[in-house]
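Overview (structure and organization)
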Amino acid sequence: MSVRIGVLALQGDVREHVAALAACGAEAVPVRRESELDAVDGLVIPGGESTAMSRLLGVFELYDPLVKRLRDGLPAYGSCAGMIMLASKILDTRPDARHLDALDVTVRRNAFGRQVESFETDLSFAGITDRPGERPVRAVFIRAPWVEETGPGVQVLATVDRGPAAGRVVAVRQGNVLATSFHPEVTGDVRVHEFFVDMVATA
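We now turn to the structure provided with this report. Note that the coordinates shown come from a computational prediction; the quantities given were computed from them, not determined experimentally. Numbering of residues starts from 1 in every chain and runs along the sequence as written. Residues qualify for local features only when their pLDDT is at least 70, as the model is predicted, and side-chain atom pairs are given and counted only at 80 or more; totals for whole chains, interfaces and linings, by contrast, use all residues. Side-chain measures were taken over the full set of non-hydrogen atoms in the model, leaving aside hydrogen atoms and water.

**What to know about the overall build of the chain**
Helix and strand counts for the chain stand at 6 helices and 12 strands. Atoms counted for the radius of gyration: C-alpha only. Globule rule: 2.2 Å times residue count to the power 0.38. Computed over its C-alpha atoms, the radius of gyration of the chain comes to 15 Å, within 12% of the 17 Å expected for a compact globule of 203 residues. When its C-alpha atoms are laid out on the principal axes, the chain stretches across 45 × 40 × 35 Å. Relative accessibility under 20% of the residue-type maximum defines a buried residue, over 50% an exposed one, and the middle range a partly exposed one, all with a 1.4 Å probe and only protein chains included. Looking at the chain residue by residue over its 203 residues, the buried ones come to 52%. Restricting to contacts in the chain with at least 6 residues of sequence separation, those with at least 24 account for 64%. Of the accessible surface of the chain, which amounts to about 9,100 Å², a share of 46% is contributed by carbon and sulfur atoms. Note on conventions: DSSP H or I runs of at least 4 residues are helices, E runs of at least 2 residues are strands, and numbering of each starts at the N terminus. Between two residues, a contact is recorded if the distance between any of their heavy atoms is within 4.5 Å. Under the convention used here, a 1.4 Å probe and the Shrake-Rupley method define accessible areas, while residue burial counts only the protein chains that appear.

Below, the structure written as structure tokens:
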């Protein structure tokens, strides 16, 4: 069964996510209007700038409809800024920034440092790299958040295993909601997107 997955197209890595989803066999479409949101089976919230994204959700009158669809069980995947948008609590953000409260996690914005401290590393990712013969997931962190606390219903899928950020949580899932601190859409490895497409197909 083919699924129709939207990519929130207000800001950030929209084209890269659309291409990755299409490579997984999904019908991938940009979402900027409530009618477009209503027509998708799942939604990707891309990396970008979370405070700008929250403001644009209001400008495009998408904030309330998106919150409602998430509460009604819409599968969603957020990468980097998308993780911040989905979180229930955000540290080091602006007081006027709004979030979607779809994941019971506390995240810290720019936790790894500024853009000059961006880095790449290999990760073990539950549900992907624990399958026989699978290689690690190459993760690209760009001004990335990390998860400081998780609620009881949240599954930790990946942590950094080396360097100064060793042990930090960088991928989580709660029900139909998936989030990563990193940007799988820029590496050419579509396994995280495949993981999400499977989530949407079985929701």
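**Description of the layout of surface pockets**
Grid points spaced at 1 Å over the protein atoms alone were grouped into cavities, where a 1.4 Å probe fits but cannot get out, and pockets, open sets with protein on both sides within 12 Å along at least five of seven lines, with lining residues defined by an atom within 4 Å of a point. Grid points are joined across faces, edges and corners, and a volume is the space filled by probe spheres set on the points. Estimates place the volume of the largest pocket at around 240 Å³. If you trace the largest pocket, you find 17 residues lining it, with G48, E49, C80, I142 and R143 closest to the centre. Any residue outside Ala, Val, Leu, Ile, Met, Phe, Trp, Tyr, Cys, Pro, Asp, Glu, Lys and Arg is labelled polar, Gly included; the first ten of those are nonpolar and the last four are charged. Of the residues assigned to the lining of the largest pocket, the class counts are 6 nonpolar, 7 polar and 4 charged.

**A closer look at the side chain of S181**
Secondary-structure assignment places S181 in the loop between β12 (177-180) and α6 (191-202). A polar side-chain atom of S181 sits 2.8 Å from the main-chain carbonyl oxygen of P145. Ignoring any residue separated from it by four or fewer positions in sequence, one finds S181 in contact with C80, M83, F141, A144, P145, W146, V169 and V170. We call two N or O atoms a polar contact when they sit within 3.5 Å, provided that within protein one can donate a hydrogen and the other can accept it, with sequence-adjacent residues counted only if both atoms are side-chain atoms.

**Comments concerning the pattern of salt bridges**
Opposite charge on two side chains permits pairing when their charged atoms draw close. Any carboxyl oxygen of Asp or Glu within 4 Å of a side-chain nitrogen of Lys or Arg constitutes a salt bridge here. Scanning the model with the defined rule gives 12 salt bridges in all. Note that R109 is salt-bridged to E49, the shortest N-O span being 2.7 Å. Here the residue R109 occupies a position in the loop between β6 (103-108) and β7 (119-123), and E49 occupies one in the loop between β3 (42-45) and α3 (50-59), the gap between them amounting to 60 residues. According to the relative accessible area criterion, E49 is partly exposed, its value standing at 21%. We note a salt bridge from R191 to D189, for which the minimum N-O separation is 2.7 Å.

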